[in-house]
Structures are given as C-alpha cells and as structure tokens.
Amino acid sequence: MKINMTIFLSALIIAFFLGCDSILNSDSSESGLIQLTFSDKDTDDAAFSSDGELIYYTIWQSEISDIRTVSIAGDSDEIILSDLYGGINSKPIISTDGNLMAFRLSVGMPDIHHLVLCNTDGLNLTNLAICEISSINQFNNDGTKLLYGEMYAGIHIIDVPSSQDEILPIALSGVYPVSFSKDESKILFSSFGSQGNSNTCEYDLSNHSYAQITSDTLGVQPICYSPDGTKILGQSRLLGSDDLQTDWEIFILGSDDSTLLRLTDNEIDDKPICFSPDGNHILYYTMVEDEGWDIMIMDVDGANIRKVVDNSANDLPFGFSPDGTKILFKSNRDGNYNLYLKEF
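On a predicted model such as this, the values are computed, not experimentally measured, just so you know.

Peer 1: Quick question: what am I supposed to make of the overall build of the chain here?
Peer 2: Looking only at helices and strands, the chain features one helix and 28 strands. Looking at the chain as a whole, 47% of its 344 residues qualify as buried. Partitioning the contacts of the chain with sequence separation of at least 6, the portion at a separation of at least 24 is 33%.

Peer 1: Would you explain the pairing of strand β18 (residues 221-225) in this entry?
Peer 2: The side chains of a regular strand alternate between both faces of the sheet. Sheet topology places β18 next to strand β19 (residues 231-236); four bridges connect them, and they run antiparallel. Residue Gln 221 lies in a different strand from β19, and its bridge partner there is Gln 235. The hairpin formed by β18 and β19 contains five residues between the paired strands, and Gly 229 there has a positive phi angle of roughly 80°.

Peer 1: When you look at the side chain of Thr 120 in this model, what are you seeing that I'm missing?
Peer 2: Within the secondary structure layout, Thr 120 lies in the loop between β8 (113-119) and β9 (126-131). Looking at Thr 120, the relative accessible area reads 13%, which means it is buried. Separated by 3.0 Å, the side chain of Thr 120 and the backbone oxygen of Gly 98 make a polar contact.

Peer 1: Would you explain the sheet that holds strand β12 (residues 154-159) in this entry?
Peer 2: By way of backbone hydrogen bonds, the strands of a sheet pair with one another, either parallel or antiparallel. Strands sit in the order β10-β11-β12-β13 across an open sheet of four strands; the sheet is antiparallel. Lying at the two open borders of the sheet, with one neighbouring strand each, are β10 (133-139) and β13 (165-167). Averaged over neighbouring strand pairs, the angle between their axes works out to 25° when direction is ignored. Note that β10 and strand β11 (residues 145-150) share five bridges and pair antiparallel. From the neighbouring strand, Gln 138 faces β11, where its bridge partner is Leu 147.

Peer 1: How do you make sense of the sheet that holds β18 when you look at a structure like this?
Peer 2: What the four strands build is an open sheet, ordered β18-β19-β20-β21; its pairing is antiparallel. Each edge of the open sheet carries a strand with a single partner, namely β18 and β21 (260-262). Within the sheet, the average angular offset between the axes of one strand and its neighbour, ignoring direction, is 30°. In terms of strand pairing, strand β20 (residues 249-254) meets β21 through three bridges, oriented antiparallel. If you follow Ile 252 over to β21, its bridge partner there is Leu 261.

Peer 1: Honestly, the packing of aromatic side chains in this entry has me stumped. Any pointers?
Peer 2: Aromatic ring pairs are described here by two measures, namely the spacing of the ring centres and the angle between the planes. Enumeration over the complete set of coordinates arrives at five aromatic pairs. For the pair Tyr 176 and Phe 192, a centre-to-centre distance of 6.1 Å together with 55° between the ring planes defines the contact as tilted. Within this pair, whereas Tyr 176 is found in strand β14 (residues 176-180), its partner Phe 192 is found in strand β15 (residues 186-192), the two being separated by 16 residues in sequence. In this structure Tyr 176 comes out as partly exposed when scored by relative accessible area, which is 24%. Overall, the relative accessible area of 46% leaves Phe 192 in the partly exposed class. Here the aromatic rings of Phe 320 and Phe 344 are separated by 5.5 Å at their centres, their planes lie at 65°, and the arrangement is edge-to-face. Separated by 24 residues along the polypeptide, Phe 320 in strand β26 (residues 315-320) and Phe 344 in the segment after β28 (336-343) bring together distant segments of the chain. A relative accessible area of 10% places Phe 320 in the buried class. According to the relative accessible area criterion, Phe 344 is partly exposed, its value standing at 40%. The cationic tip of Lys 330 hangs over the ring face of Tyr 337; the distance from NZ or CZ to the ring centre is 5.1 Å. Between Arg 333 and the ring centre of Tyr 340, over which it is positioned, the NZ or CZ distance is 5.0 Å.

Peer 1: How should I be thinking about unusual backbone geometry in this particular structure?
Peer 2: Excluding glycine, residues mostly have negative phi values, and the peptide bonds linking residues are mostly trans. The residue Asn 124 is not glycine, and still its phi comes out positive at about 60°. Structurally, the position occupied by Asn 124 is in the loop between β8 and β9. In this model, Asn 304 sits at a positive phi of 60°, which is unusual for a non-glycine residue. By the secondary structure assignment, Asn 304 is in the loop between β24 (292-299) and β25 (306-307).

Peer 1: What am I meant to see in the environment of Phe 38 here?
Peer 2: Assignment of secondary structure puts Phe 38 in the loop between β1 (33-35) and β2 (43-48). Residues Phe 38 and Leu 339, spaced 301 residues apart in sequence, show a C-alpha to C-alpha distance of 8.0 Å.

Peer 1: How should I be thinking about the environment of Asn 197 in this particular structure?
Peer 2: In this fold, Asn 197 is placed in the loop between β15 and β16 (198-204). The spatial distance from the C-alpha of Asn 197 to the C-alpha of Thr 217 is 8.8 Å, given a sequence separation of 20 residues.

Peer 1: It is not clear to me how the nonpolar core should be interpreted in this structure. Could you clarify?
Peer 2: In a soluble, globular protein the nonpolar side chains are often hidden away together inside. Formed by 20 residues in total, the largest nonpolar core has its most connected members in Leu 233, Ile 282, Leu 283 and Val 308. A per-element tally of this core places β24 first, with four residues. Once you skip the residues sitting within four places of it in the chain, Leu 233 turns out to touch Gln 221, Pro 222, Ile 223, Cys 224, Ile 250, Phe 251, Ile 252, Pro 272, Ile 273, Cys 274, Phe 275 and Ile 282. Counting residues in each nonpolar core, the second largest holds 15 residues, with Ala 102, Leu 115, Leu 117 and Leu 128 among its members.

Peer 1: Explain the pattern of salt bridges to me, please; I cannot follow it from the model alone.
Peer 2: Charged atoms that come close allow side chains of opposite charge to pair. Scanning the model with the defined rule gives nine salt bridges in all. The partner of Arg 306 in a salt bridge is Asp 299, with the nearest N and O atoms 3.4 Å apart. Taking relative accessible area as the criterion, Arg 306 reaches 25% and is therefore assigned partly exposed. Note that Asp 315 and Arg 333 form a salt bridge whose closest N and O atoms lie 3.2 Å from each other. Taken together, the positions of Asp 315 in strand β26 and Arg 333 in strand β27 (residues 326-334) put the pair 18 residues apart, joining distant regions of the chain. Since its relative accessible area comes to 0%, Asp 315 is described here as buried.

Calculation rules
- Residues numbered from 1 in each chain as written.
- Predicted model: local features only at pLDDT ≥ 70, side-chain atom pairs only at ≥ 80, totals over all residues.
- Heavy atoms only, no water.
- Helix = DSSP H or I, 4+ residues; strand = E, 2+ residues; numbered from the N terminus.
- Buried < 20%, exposed > 50% of the residue type's maximum accessible area, 1.4 Å probe, protein only.
- Contact = heavy atoms within 4.5 Å.
- Pairing = 2+ DSSP bridges.
- Polar contact = N/O pair within 3.5 Å; in protein donor to acceptor, adjacent residues only side chain to side chain.
- Axes fitted to C-alpha atoms, helices over the stretch in contact; angles between N-to-C directions.
- Phe/Tyr/Trp six-rings, centres within 6.5 Å; stacked < 30°, edge-to-face > 60°.
- Lys NZ or Arg CZ within 6 Å of the ring centre and 35° of its normal.
- Core = buried A, V, L, I, M, F, W, Y, C linked by side-chain atoms within 4.5 Å.
- Salt bridge = Lys/Arg side-chain N within 4 Å of Asp/Glu carboxyl O.

Rendered as structure tokens:
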C-alpha cells in the first residue's frame, strides 16, 4: 500500500509540473507552432491544397525553380516539378476540386511569361498563354475558367478546356484582377487613380459593365472579398489627402453600398492578407522598426488586435487553412525563409 501511494504521489507531482508548463505556455504566441520545411533555399510562395492537408510551395535559387508539397504535419516533403528554368514567380493556384494547378513561369526574356497548367501531381503540363503576365489569380468554382492579368493589356478570363482567352473591355489604366465574386457574377479589380494610387473597381460579367467603387481622393487598393461576398478588404496610403502617405492602412468596403470602415490608424505599414474562412477575422502583417515584419490578426471590426507569432525575424503570412484552424507563413528566423504553421 505504501509503494502504491508513493507511485500515486509521484504521478501527481509530475502531472502538476506538466500542467504548470502547459499553463505557462498556453498564452505564448510561439505555442502551437510547427516548422514544415528545412531548406537551404528561400521559399517564395505557398498555398494550401483544397482539402487543407497539403501545402504547395515554390523555392527559387539562381533562375531555377521547384514546386513542392509538404504535409501539414511536416512529415512528407515531395518534389512535384523540378529544375524549371527561368523561375516560377507566382504562387501555385489550386482549383477548388484539387485537381488542377496553374502558375507563371518566366522563360528567356524577363518580361515574357508562360501561363502553365498541370495536374496537381505535376503531370500533363500545358502552356495556356504567353504574354507579360502580371498575376494569376483564381480558378472559378468548377475549375473551367482561370482569371489572370496582363501588364498594360488588362484582365483575362481563359476557358481551361478550350484554352479560349477573353480580354475584358475595360477603358481604365493600370487594371489588375483580384478575384471572382462568390457567385461569379463579378470580378474585383484595381485601376490606377489620377493621383498615383489604386482604386477598387468591379466588373459585372452579366452585362459587361464596370464601376469604380472608391474615389481617387481615397484610393483603396482591393485585396479580396469576404467569404460571404458582402465586404471587400483593402489598403490605402492616400487617406483623403493630395499626397501619398508613407504608411499603408487597412480598410473594409461594403461591396453593395461602398460603406467604408478604417481598421488601422498608425505610423507603420499594415498590409492585409485575407479574411478568415468564417469572415470574423482579418490576417495581416505589419512592419515594426528594428523588429522586422510581424504577423497580426484582428476582428473584422478592427478590435482585438494581437500578434500571431512573437519573433524578431521577418514573418510573412500566406493565409488560413481552409478550415480556419491554422495560419501558414514563412520566416527567416533560421537564416533562410522556410514554411511554418501556427494553430489558430
């Protein structure tokens, strides 16, 4: 009986200290952190697979690029496409069904790009377009159309099965696509304003018309729609004055009535990334002098601002997992930029 009591008391003491350690770390912004990659090359861009189990990412060094996948547990890192000459200079865009992947490849002349389509296993490579591609943005819901932009030429929607390419007739300067609306009836895009800023605009695919949502005196550059399609996340440096400010601030626009809500107001850059999948939070990063880039999150009304991770290195976020429980980012805390996951 005495031996049993000793064992019992020892177990209680061990459990107590383990519990204390858990309590001490439960509020730490470094808890729930997983390092996914350990490369001696810098990670460029990354994106979750549609089911959230894999992460597609690109690494680049001296004109040679790879596309790889790593599991969210960090226990499986595989090469999908290797030694692509010229450099993959866009993150892999994954279709909603998880079957297709698109990316931008620079080959030869630095301003000429290939819009490349393939299966997510790297097979069946197809060159959909060759032009001065400014961005590859998004597949539509069924993966049959792909939204992308061409420098100085405008916004393209390419039909994936037929490779038929349509340029939207928009008589504005400096237009860049952002995304399809939730119901795919509109396209969110930016255009150059008269004061050197960007404006938020929408193109209506049903009647082929477009409208500028923000004024030149405010100049909000759009980042994305909210998950329910009722809000637009944006950023601005103009803030109603005649001159560009030195810092970026974060705004939310009402997509129907152009209601404007300013979320940040400080003297540092605040760069928005996305809404959380439930639409209740906004992920962004901010530059703190002598401390590098910090990943931040706040409620959709601008309240409850807090750091996601606490580190003196540069931490740059890519977005939430599809279920909203994890945040993907890259960090140079160990020298090179590698991928990390943080529980949310």
